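Breakdown of the fold
Here are the chains, one letter per residue:
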Amino acid sequence: GARCFEFSCSVAVLEWQRRWPMLRSMVLDLEPDLVGLQEVDLVQGGPEKLSAHDRQICRDLASAGYEGGFARKCGRACDGVALFWRSSRLRSAGVAETWRLGRTIHVALA
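**Describing the packing of aromatic side chains**
- On inspection of all chains with the given rule, the structure shows two aromatic pairs.
- Aromatic side chains F70 and F84 sit 5.5 Å apart centroid to centroid with 75 degrees between the ring planes, which places their arrangement in the edge-to-face category. Highlighted residues: F70 in strand β2 (residues 66-72) and F84 in strand β3 (residues 79-86), separated in sequence by 14 residues.
- We classify F84 as buried; its relative accessible area is 0%.

So, in structure tokens, the structure goes:
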């Protein structure tokens, strides 16, 4: 049978408190006009004892001059996608829209 992808690194390496400062620094150092993120934890709790990260991402990117939003995957998924733009260069053309991608739980945000 087919095997799912397995991480071959320590769980400690994947912890948010370690990863987000590095990701944030990488993104902000590049000074992009548009930032897209996927697999963003949006729901607190569950059997995996997840922590929602949307507020921290929004706060940190807003303090760097970005606006944006999130869209949760369909069904029981606890994660989703995010789209942020540099407000000094781009502006929203209207209300954010979310599309379900086929029969999957995945979504697109625009």
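Moving on, there is more to tell.
**A word on the side chain of R86**
- Take R86: it is sitting in strand β3.
- Judged by its relative accessible area of 17%, R86 is buried.
- Not counting chain neighbours up to four residues away, the residues in contact with R86 comprise E31, P32, D33, A64, G65 and Y66.

**Here we look at the packing of helix α1 (residues 16-30) against helix α2 (residues 54-63)**
- In the contact formed by α1 and α2, the axes pass within 12 Å of each other and the chain directions differ by 30 degrees. Between α1 and α2, the crossing angle belongs to the class labelled roughly parallel. Crossing geometry of α1 relative to α2 is assigned as right-handed. Here α1 contributes W16, W20, R24 and L28 to the contact with α2, which in turn contributes Q56, I57, D60 and L61.
- Residues of the contact of α1 with α2, tallied by class, amount to five nonpolar, one polar and two charged.

**Topic: the nonpolar core**
- Within the largest apolar cluster, 11 residues are counted, these being W16, W20, V27, V35, V40, L42, I57, L61, Y66, A82 and F84.
- Of all the secondary structure elements, the ones that give two or more residues to this core are α1, β1 (34-41), α2 and β3.
- For this core, the element with the highest residue contribution is α1, accounting for three residues.
- In this view, L42 contacts A52, D54, F70, A71, R72, C78, D79 and G80; residues no more than four positions away in its chain are not counted.
- One finds A71, C74, V81 and L109 within the second-largest nonpolar core, a separate group that totals five residues.

**Looking at unusual backbone geometry**
- A positive phi angle, near 50 degrees, is found at E31, a position not held by glycine.
- Among the secondary structure elements, E31 is positioned in the loop between α1 and β1.
- Notably, E39 is not glycine yet its phi reads approximately 60 degrees, a positive angle.
- Note that E39 resides in strand β1.
- Of the residues examined, E39 reaches a relative accessible area of 48% and is grouped as partly exposed.

**Topic: α1**
- End to end, α1 covers 21 Å across 15 residues, agreeing with the expected 21 Å (1.5 Å per residue, within 8%).
- By the burial criterion, the buried members of α1 are W16, W20 and V27. Take α1 and look down its axis: the buried residues cluster within an arc of 40 degrees, on one side only. For α1, the exposed residues set more than 90 degrees away from the buried face come down to M26 and D29.
- Buried residues along α1 sit in contact with β1 and α2.
- Just beyond α1, the residue with positive phi is E31, at close to 50 degrees.

Rules used throughout
Counting from 1, residues in each chain are numbered in the order their sequence is written. For a predicted model such as this one, the threshold for reporting local features is a pLDDT of at least 70, and the threshold for listing and counting side-chain atom pairs is 80 or more; totals across whole chains, interfaces and linings nevertheless cover every residue. Only hydrogens and water are set aside when side-chain values are computed; all heavy atoms of the structure are taken into account. For Phe, Tyr and Trp, where Trp contributes only its six-membered ring, two rings pair if their centres lie within 6.5 Å, and the inter-plane angle classes them as stacked under 30 degrees, edge-to-face over 60, or tilted in between. For helices the rule is a DSSP run of H or I covering at least 4 residues; for strands it is a run of E covering at least 2, with both sets numbered from the N terminus onward. Residue burial is assigned from relative accessible area. The probe radius is 1.4 Å, only protein chains are included, and a residue is buried under 20% of its type maximum, exposed over 50%, and partly exposed in between. The contact rule is simple, with two residues in contact once any of their heavy atoms fall within 4.5 Å. Here the axes come from fitting lines to C-alpha atoms, over the contacting stretch only for helices, and the angles between their N-to-C directions go from 0 to 180 degrees. Any angle between 65 and 115 degrees counts as roughly perpendicular, while under 35 counts as roughly parallel, over 145 as roughly antiparallel, and the rest as oblique. Handedness of a crossing follows from how the near helix is turned relative to the far one, being left-handed for an anticlockwise turn of less than a right angle and right-handed for a clockwise one. Any residue that is not Ala, Val, Leu, Ile, Met, Phe, Trp, Tyr, Cys, Pro, Asp, Glu, Lys or Arg is counted as polar, Gly included; the first ten are nonpolar and the last four charged. To define a nonpolar core, start from buried Ala, Val, Leu, Ile, Met, Phe, Trp, Tyr and Cys residues and group those joined through side-chain atoms within 4.5 Å. Each residue after the first adds 1.5 Å to the expected span of a helix. Working definition: the arc comes from the directions between the helix axis and the C-beta atoms, pointing outward to the latter.

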